[in-house]
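# Per-entry structural report
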Amino acid sequence: MSMEMQVFGIAGWSGSGKTTLLRRVLPELTKRNLTIATMKYTHHGFDLFDPGHDVTKWREAGAHEVLYVSEQRWALLHEMRGAPQPPLEKFYPQFSNLDLLLIEGFKRHNHAKLEVYRAETKLPLLANEDEWVVAVASDSGRPKNLPEKRDIVVLDLNDIPAIADFIIAHNNLTGIA
């Protein structure tokens, strides 16, 4: 494993296929002996437990954090209680012994990103406004609205091994795979 966790994003507009791409590229990366975590941003509130569950009752009663543990996994829930969302970097230390943290969403954050682009959506390219987009995975070749002057790697959205190769090379993880 690398000494320092690398951070890389998968960005794009809603419905572009970010989650699908992550689901497809994760097995390709893990079979190359990488230890990977994922992080996802949601604009919506969420809860992992149904109303009435013990954990929900504890949180509603005022618990600041709840650690839920089983033989298969554990989860730490932290209540914001009206505090502003911390900067993304504050969450990085929550992960341990990783080679790579793949972030879905946070498309306006300053970390290297691969943009998922589908021509049929006719949505603007994030790469045209975000210098942190270092590659575009497209279902239709080089997007027509991507200026030639923009030095950016264009990948086939369906070539999962090539996308994994790019992520590994971009994050200097080549000695691991």
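Now for a quick tour of the structure. (Residues numbered from 1 in each chain as written. Predicted model: local features only at pLDDT ≥ 70, side-chain atom pairs only at ≥ 80, totals over all residues. Heavy atoms only, no water.)

### Some points on the overall build of the chain
We apply this condition: Here a helix means four or more residues in a row that DSSP labels H or I, a strand means two or more in a row labelled E, and each is numbered from the N terminus. For every residue, the accessible area obtained with a 1.4 Å probe (protein chains only) is divided by the maximum for its type, and the residue is called buried under 20%, exposed over 50%, and partly exposed between those limits. The criterion used for residue contact is that any of the two residues' heavy atoms lie within 4.5 Å. Values of accessible area rely on a 1.4 Å probe in the Shrake-Rupley scheme; residue burial ignores everything except the protein chains shown. His is not counted, nor are the chain ends, whereas Lys and Arg count as positive and Asp and Glu as negative. Where a charge sits is defined by one atom per residue type, namely NZ (Lys), CZ (Arg), CG (Asp) or CD (Glu).
On a plain count of helices and strands, the chain comes out with 3 helices and 8 strands. Each helix and strand of the chain, ordered N terminal to C terminal, gives the series β-α-β-α-β-β-β-β-β-β-α. The dimensions of the chain, computed from C-alpha atoms along their principal axes, are 55 × 35 × 25 Å. Each of the 177 residues in the chain was classed as buried or not, and the buried ones make up 40%. Taking all contacts inside the chain whose residues are at least 6 apart in sequence as the whole, residues at least 24 apart take part in 52%. Of the accessible surface of the chain, which amounts to about 10,900 Å², a share of 52% is contributed by carbon and sulfur atoms. Looking at the chain, you have 20 positive and 23 negative side-chain charges, and the mean spots of the two groups are 4 Å apart.

### Details of helix 1 (residues 18-30)
Note the following rule: Each residue after the first adds 1.5 Å to the expected span of a helix.
In this model, helix 1 (13 residues) spans 18 Å end to end at C-alpha, consistent with the 18 Å of a helix rising 1.5 Å per residue. Considered for burial, the residues of helix 1 that qualify are Lys 18, Leu 21, Leu 22, Val 25, Glu 28 and Leu 29. In the core, the buried residues of helix 1 are packed alongside strand 1 (6-11), strand 2 (36-40), strand 5 (100-104), strand 6 (113-117) and helix 3 (160-170).

### Side note on the side chain of Glu 104
Along the chain, the position of Glu 104 falls in strand 5. Dropping the residues within four chain positions of it, Glu 104 is found in contact with Ile 10, Lys 18, Thr 19, Leu 22, Met 39, Lys 40 and Tyr 41.

### Notes on the sheet that holds strand 1
How we decide: Whether two strands pair depends on DSSP finding at least two bridges between them. To obtain an axis, a line is fitted to C-alpha atoms, over the contacting stretch when the element is a helix, and the angle between two such axes runs from 0 to 180 degrees between their N-to-C directions.
A sheet is described by the order of its strands in space; here 6 strands give the open sequence 2-5-1-6-7-8, paired in parallel fashion. Each edge of the open sheet carries a strand with a single partner, namely strand 2 and strand 8 (153-156). Pairwise comparison of adjacent strand axes, ignoring direction, gives a mean angle of 25° for this sheet. Summarising the sheet, strand 6 and strand 7 (residues 133-138) pair through 5 bridges and their orientation is parallel. Directly across from Glu 115, in strand 7, lies its bridge partner Val 136. This element, helix 1, spans strand 1, strand 2, strand 5 and strand 6 of the sheet and lies at about 170° to strand 5. Sitting on the sheet, helix 3 is in contact with strand 1, strand 5, strand 6, strand 7 and strand 8, with an inclination near 145° to strand 8.

### Notes on a nonpolar patch on the surface
Put simply, the rule is: Think of a patch as exposed residues, more than 30% relative accessible area, with no salt bridge, where like charges cluster within 9 Å and nonpolar side chains (Val, Leu, Ile, Met, Phe, Trp, Tyr) cluster within 5 Å. Salt-bridge detection follows one rule: a side-chain nitrogen of Lys or Arg within 4 Å of a carboxyl oxygen of Asp or Glu.
On the surface, a cluster of nonpolar side chains totalling about 440 Å² of accessible area is made up of Leu 67, Val 69, Trp 74 and Leu 76. Of all the secondary structure elements, the ones that give two or more residues to the nonpolar patch are strand 3 (65-69) and strand 4 (74-78). The topology assignment puts Leu 76 in strand 4.

### Overview of the pattern of salt bridges
Using the criterion set out here, one finds 8 salt bridges in the structure. Between Arg 32 and Glu 28 there is a salt bridge, and its shortest N-O distance comes to 2.8 Å. By relative accessible area, Arg 32 is classed as buried at 17%. Overlapping salt bridges bring together Glu 28, Lys 31, Arg 32 and Asp 165 as one network.

### Some thoughts on the environment of Arg 23
Its location among the elements puts Arg 23 in helix 1. Distance from Arg 23 to Ile 168, taken between C-alpha atoms, is 16 Å for residues 145 residues apart in sequence.

### Description of the pairing of strand 7
Most of strand 7 sits inside the fold, with 5 of its 6 residues counted as buried. Judged from the 4 bridges that link them, strand 7 and strand 8 form a sheet pairing that is parallel. Within strand 8, the position partnered with Val 136 by the bridge is Val 154.

### Focus on the nonpolar core
Keep this limit in mind: Take the buried residues of types Ala, Val, Leu, Ile, Met, Phe, Trp, Tyr and Cys, join any two whose side-chain atoms come within 4.5 Å, and each joined set is a nonpolar core.
If you look at the biggest cluster of nonpolar residues, it comprises 24 residues, and the most contacted ones within it are Phe 8, Leu 29, Leu 114 and Ile 163. When contributions to this core are tallied by element, the ones reaching two or more residues are strand 1, helix 1, strand 5, strand 6, strand 7 and helix 3. Here this core takes 6 residues from helix 3, the largest share from any one element. Judged by nonpolar contacts, the second largest core, of 10 residues, contains Val 7, Leu 88, Tyr 92 and Ile 103.

Note that every value here comes from positions in space, so none of it alone points to a role or purpose.
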